Amino acid sequence: YLPDGGFSLYFVALGDTGKGNTGQTQVGAAIAAWCASHPCEFAILLGDNIYDTGVTGVNDPQWQTKFEVPYASVNMPFYAVLGNHDYGGGGTGNEFGKGQHQVDYTAVSTKWRMPATHYKFSRPGVDFFAANTNLSMYSMDSAVRSDFAAWLPASTATWKFALGHHPYLSNGPHGNAGSYDGLPFLPIVNGSGVKKFGDERICGQADVYLSGHDHSDQWIVARCGVSSTNPGTELLIAGAGASTSSLPGSNPRHFQTLELGFIYVELVNRSFTGTFIGT
């Protein structure tokens, strides 16, 4: 808390991390270095935590090579959401039992935090709502939709952050929800379920939506859910946690980069500062 009765909160966010490669190690070192000289309370992982096809259980050796070892020098909790690669199928995301393995790992690791396949957690003045957009891709997200319909309107926090893997708008190769990968007429693949979830459960209700999926860092100019009485939801992508791809899209943006890195978020009362930190 601040002396005037206000609050502050500092955290990092990154996604598409779990490759166990040099890039992931470099980003882990960058987080450790940054947080050695700046306040950091926790990290948020925005899905695709374990490439290429998730884990087989809590004893899968990939937990060491793709999470514990790359972040050995980062001494804080990691709150994670699930991505399509976490659900197997080589990224198809259709092995629906695999998500529970990552929930179960919460009881094993000192750092990993995933109490359910979708969940919420809070800090003073801030509520976080972790979605499961892989289920939205398959229109299997009724439980998520029901909980979000109750959780967000009930929140009285100064800041509401929605967290998910798939972006609402993106300049990366996957593109915008509803027309992912240039396939606007192909259900499931096109992300129409993610767009529907965003329109009905996030846009105009959360202040910020953090996502990954495209391997870049972006802050999009457009907000979603804007009306005469609602400033809408800021859209940020932090998918450069282990590798980068490309930025062919044309959504106006405040900033975008293909450099490996993460987003550092500073919340002080009603002020939100997002800084893109490269390796």
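Going by the structure above, here's the rest.
Scope of this entry: the structure provided in the associated data block. Quick caveat, the model's predicted, so the values are computed rather than measured. (Residues numbered from 1 in each chain as written. Predicted model: local features only at pLDDT ≥ 70, side-chain atom pairs only at ≥ 80, totals over all residues. Heavy atoms only, no water.)

Overview of a nonpolar patch on the surface
Link 1 in the chain: Residues Leu183, Leu186, Ile188 and Val189 make up a contiguous nonpolar surface patch of roughly 290 Å² in combined accessible area.
Link 2 in the chain: Here leucine 186 shows up in the loop between strand 7 (159-163) and helix 6 (192-202).
Link 3 in the chain: A relative accessible area of 42% places leucine 186 in the partly exposed class. (Patch = residues over 30% accessible without salt bridge, like charges linked within 9 Å, V, L, I, M, F, W, Y side chains within 5 Å. Areas by Shrake-Rupley, 256 points an atom, 1.4 Å probe, with all protein chains shown as cover. Salt bridge = Lys/Arg side-chain N within 4 Å of Asp/Glu carboxyl O. Helix = DSSP H or I, 4+ residues; strand = E, 2+ residues; numbered from the N terminus. Buried < 20%, exposed > 50% of the residue type's maximum accessible area, 1.4 Å probe, protein only.)

Details of the environment of tyrosine 180
Link 1 in the chain: Mapping tyrosine 180 onto the fold places it in the loop between strand 7 and helix 6.
Link 2 in the chain: Of the residues examined, tyrosine 180 reaches a relative accessible area of 1% and is grouped as buried.
Link 3 in the chain: The sequence separation of tyrosine 180 and leucine 169 amounts to 11 residues, and the corresponding C-alpha distance is 9.7 Å.
Link 4 in the chain: Those residues in contact with tyrosine 180 that sit more than four places away from it in its chain are Met137, His166, Pro167, His174, Gly175, Val189, Asn190, Gly191 and Val194. (Contact = heavy atoms within 4.5 Å.)

Some remarks on the sheet that holds strand 6 (residues 126-130)
Link 1 in the chain: An order of 5-6-7-8-10-9-11 is seen for the 7 strands of this open sheet, with the pairing classed as mixed. Of all the strands in the sheet, the pair left with one neighbour each is strand 5 (119-123) and strand 11 (253-257). The mean angle between the axes of side-by-side strands here comes to 20°, regardless of whether they run parallel or antiparallel.
Link 2 in the chain: Pairing of strand 9 (residues 217-224) with strand 11 involves 4 bridges; the strand directions are antiparallel. Across the sheet, the residue bridging to glutamine 218 is glutamine 256, located in strand 11.
Link 3 in the chain: Together, strand 5, strand 6 and strand 7 form the strand contacts of helix 5 (residues 142-154), whose direction differs from that of strand 6 by roughly 170°. (Pairing = 2+ DSSP bridges. Axes fitted to C-alpha atoms, helices over the stretch in contact; angles between N-to-C directions.)

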